[in-house]
Structure formats: C-alpha cells, structure tokens
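# Architecture and fold: a report
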Amino acid sequence: MREAPPFDKALGMYYYVTDTCPSGGVIKKSPEDFVVEEVLADGTVVAVGGVELRPRVGGWTWIHVVKRNVDTIRLMIRLAKALGVSPREVSVGGIKDTRAVASHIISVRGAVKGLPEIPGVKFLGMWSMDRPMSPSEIYGNRFTIVLRDVERVDCAVEALEALKSAAVPNYYGYQRFGTIRPVSHLLGRALLRKSPEEFFDAMFCKIFEHESAAAKKARELACRGEYQKALETFPRRFVEERAFLRRLAQGYDMWNAIMGIPLQILRIYVEAAQSYLFNRFLSARLELGPLDKPLEGDLVEVGGQVAYYAEGLGGDVVLPVAGAGVRMPRGKVGEALLKVMKGEGVDPAAFLKMPRGLKAYGSYRRARLEVGDFSYAVRGRDVELRFVLPRGSYATVLLREAVKPAEPYRHGF
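All of the points below concern the structure found in this document. (Residues numbered from 1 in each chain as written. Predicted model: local features only at pLDDT ≥ 70, side-chain atom pairs only at ≥ 80, totals over all residues. Heavy atoms only, no water.)

## What about the layout of surface pockets?
What counts is decided by this rule: Of the grid points, spaced at 1 Å and generated over the protein atoms alone, those admitting a 1.4 Å probe that cannot get out make up cavities, while open sets with protein on both sides within 12 Å along at least five of seven lines make up pockets; any residue with an atom within 4 Å of a point is treated as lining. Grid points are joined across faces, edges and corners, and a volume is the space filled by probe spheres set on the points. Note on conventions: DSSP H or I runs of at least 4 residues are helices, E runs of at least 2 residues are strands, and numbering of each starts at the N terminus.
In this structure, the second largest pocket spans a volume of roughly 600 Å³. Surrounding the second largest pocket, 27 residues form its lining, S363, Y364, R365, R391 and G392 being those nearest its centre. Mapped onto the lining of the second largest pocket, the elements with two or more residues apiece are β9 (138-147), α10 (263-286), β12 (316-321) and β13 (363-366).

Given below as structure tokens:
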C-alpha cells in the first residue's frame, strides 16, 4: 500500500493499493481512447458495432445510442424535445462519460417513428419493450482504454500485474468531484452542516489554476460581494453560480439564495458529500487490513443481504454510504468510521434534517472493486486496457493505480 498525493487525499482517497512507481501517461487524448460499452443484466454487451435485442410488446422504445463527446443528460433532454415527450419519459441505465465514445441504451415512453440528427450521436437500432431502461437493467460497463505517452512503461506493467490479484479499493472516482474544480463535496458538506457561509466560500472564494479567465474573474467579484457584476461576468453555462448570484443580487439572505439553485444540482452536491465520506471510510478501513479479509465488526454482503461478519459466514466487505437508514460497522471498524464522521463535522442525523427534496438516504457499497475480464497490451509508449466493471464503479479508480497522478487534470482524468 502506498500513500496518495494531496489532491487525492482531499477527495478521501488516501491510498493506492499498489506500491509501484508512477507510470505517468494521459487518458482521453481523443474520445476513441476511452470506449464505454454498456453490459446488460443478462450479459449482453451493447457494443459500438451494434447489438441484437429481442423486442417485447409494450409501451416503451429502447434505442441503441453511440455518442462521441456528448453529455448523457444533455442528450436525453435534446432527444425528449425532438420527440415531443417530457424529459421524465426518457431514461437510461447509467450516466456515461462525456469525453469518450459511449455505447448504451436510451428508452423513450411510447412508439418512436423517427429520430433526429444530433452531432456526435449515432442511432444504431430501436426495439419495442415492455419497460423502461433503468439501473436494474444493466450489470455495468465494458471499457477499452488507451493510456498514451506513458513515461515509465515498466512502472505501468508492474502496477497492472499487481492489480490482477490486488483487492483494489472501490473509491468514488475523480469525476464524482471534479478535477479542474474539485468542490462538489465541499458544497454538499456545507449543506449538511446548514452553513451558507461555508457554501458561499466553496462556490466563489476557492479559485483553481485551470479554471477559465472569465470564471476566475467572476468568482473574485462574487467573493468581494459584487454580486450583480459577478452575475454579468459568469458565462451562461454556469447555471448554479448564476442562480445563487441572481438571488443574492435581489437581496435574499444567503440560505434562501442557495435554495434558488436547481434541486437536481443541490442533490448532486449532497451525493458528492456522501461519496467523499465513503472514500474516507474506505481509507480508514484500508488502514485496518486488506479489503478481501473481513474483520470482526465488518458489514458483509451475503446472498444480497447485509449482515455483521461472523467467522465462517463469508461474504464481501461492504461499507455504508452515509445517510439515513444504514447500519454502521461495529468494533474497531465502527470506531474508525465514527471518528471520520466526527472529524468531518457531520452529524449522521443531518441527512434527514435537510430541506424537502434533499433528504439523503444511505446505502451499502462494496469495499473492493470487482474487475472482470481484465487484460492489457503494451504498444511502444501506449498501454491498452480492457476490463468490465459493475455499475457505479469507476474506471479511473483502476487507472490511478498505474498512473499515480499528482495533478489528475494534467493526465486527462
């Protein structure tokens, strides 16, 4: 096990499980270097070259989409508008990477007679179905990723060989928090603490090197209290900043100004705070021992049920995603996790004390990353990786073990 750099620690990822030297290299140099293909629950791969599905009589249409450099949510909204349906009648099994070539299924309520032309999007097939696409319909995703311009190929190979047998921590990856501006979890924590001043500071007074000049200037104005000037300076794509500033400029108090941000975005912040806490829990659990060897007090998943570990029970170690309705581990594992909560200044009851629509319920997440069909090939200074991950797991968590980036943004993360 190796200690991670400050950037990763700020996201709760304190360790690498591989004790190898950093390989360097760049992912997503082009979208074709990061190919994501959805894997359905029955094992069918929604491949970029096409897929054959068996239609079922029903009130939904499943559409095979291959997108290049296209945001999933924006695609769903645009497709709904083009087809004349509500965005609520368009669904997916999971959000795919934007900077990638991603192949997956989008479902639309009702019959679809014609599809629009959308830049960066190909529609390869349509089938009548008896239910919408949802997370329960998919197992996960198959990845084909090329790591380019590797500085130390020997380090990459050593790490990838170690990953074949290592119990890799199932961290929430960089994209959950951002690499240019990693503050989503800080905003969520401020909401949980009911601290509008802390929220304001994270949104406007924390300015990062790789932000655009316009964004930096606007944040400086806002941090100084020049709300109207900041509102005029922020480009329109900064939806949440502009919504917050608009209310501040109108004289709202800070908490009610925050509530002017779209609910969907505020929920993302709370979920990011949950993800950060999980990463901290996972780092604390790593300090106690390997993730594939349950300890007394651990929670384990056995046959789809979560129970406290007992000798001979077996099962996979799981950790709570903090929120209402979850059990905490016992013994030294539980003590370590409660210490994290106390250190972060988050009361477990805070998740239920949120405003309507922001109450956060907990869940359980496997501690170990389940990697299937893992292989790699070295071609000069490039390394191609292939593997399958269950939904909710992050390919970048595996890649960081080889690259070990001090500044993830510079490596394409």
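## What to know about the packing of aromatic side chains
Here is the rule we go by: Between the rings of Phe, Tyr and Trp (Trp by its six-membered ring), a pair exists once the centres lie within 6.5 Å; its type follows the angle of the planes, with under 30 degrees stacked, over 60 edge-to-face, and the other angles tilted. Consider the ring centre and the ring normal. A charge sits over the ring if Lys NZ or Arg CZ is within 6 Å of that centre and within 35 degrees of that normal.
Summed over the entire model, instances satisfying the criterion amount to 17 aromatic pairs. Here the aromatic rings of F374 and F387 are separated by 6.4 Å at their centres, their planes lie at 35 degrees, and the arrangement is tilted. A residue pair is termed long-range when its members are at least 10 positions apart, and F374 in strand β14 (residues 372-379) and F387 in strand β15 (residues 382-390) qualify at 13 residues. Clustering of aromatic rings is evident, with ring pairs tying together F199, F200, F204, Y227, F234, F238, F244 and Y269. Note that R56 overlies the ring of W62, its terminal NZ or CZ placed 5.8 Å from the centroid. In this structure, R365 is placed above the aromatic ring of Y172, and the distance from its NZ or CZ to the ring centre is 3.9 Å.

## Focus: the state of the cysteines
To keep things clear, this is the line we draw: Any two cysteine sulfur atoms lying within 2.5 Å of each other are counted as a disulfide. A 1.4 Å probe rolled over the protein chains alone gives each residue an accessible area, and that area as a share of the maximum for its type sets the label: buried under 20%, exposed over 50%, partly exposed in between.
In total, this model carries two disulfides according to the counting rule given. Here C21 engages in a disulfide with C155; their sulfurs sit 1.8 Å apart. Judged by the torsion about the S-S bond (-100 degrees), the C21/C155 disulfide is left-handed. In this pair, C21 sits in the loop between β2 (15-16) and β3 (34-40) while C155 sits in helix α3 (residues 153-163), placing the two residues 134 residues apart along the sequence. Owing to a relative accessible area of 0%, C155 belongs among the buried residues under this scheme. Each disulfide in the protein chain links cysteines that, numbered along the sequence, combine into the pattern 1-2, 3-4.

## Things to note about the nonpolar core
Rules: The nonpolar core is taken to be a set of buried Ala, Val, Leu, Ile, Met, Phe, Trp, Tyr and Cys residues, with the residues joined through side-chain atoms within 4.5 Å. Working rule for contacts: check all heavy atoms of both residues, and any pair within 4.5 Å makes them a contact.
The biggest cluster of nonpolar side chains holds 93 residues, and the ones touching the most others in it are F34, F199 and F244. Element by element, the count of residues in this core is highest for α10, at 12 residues. In contact with F244, other than residues within four places in its own chain, are F199, F200, M203, F204, M254, A257, I258 and I261. Among the nonpolar cores identified, the runner-up in size contains 15 residues, and L75, L79, V85 and V121 belong to it.

Interpretation in functional terms is not warranted from these geometric data alone.
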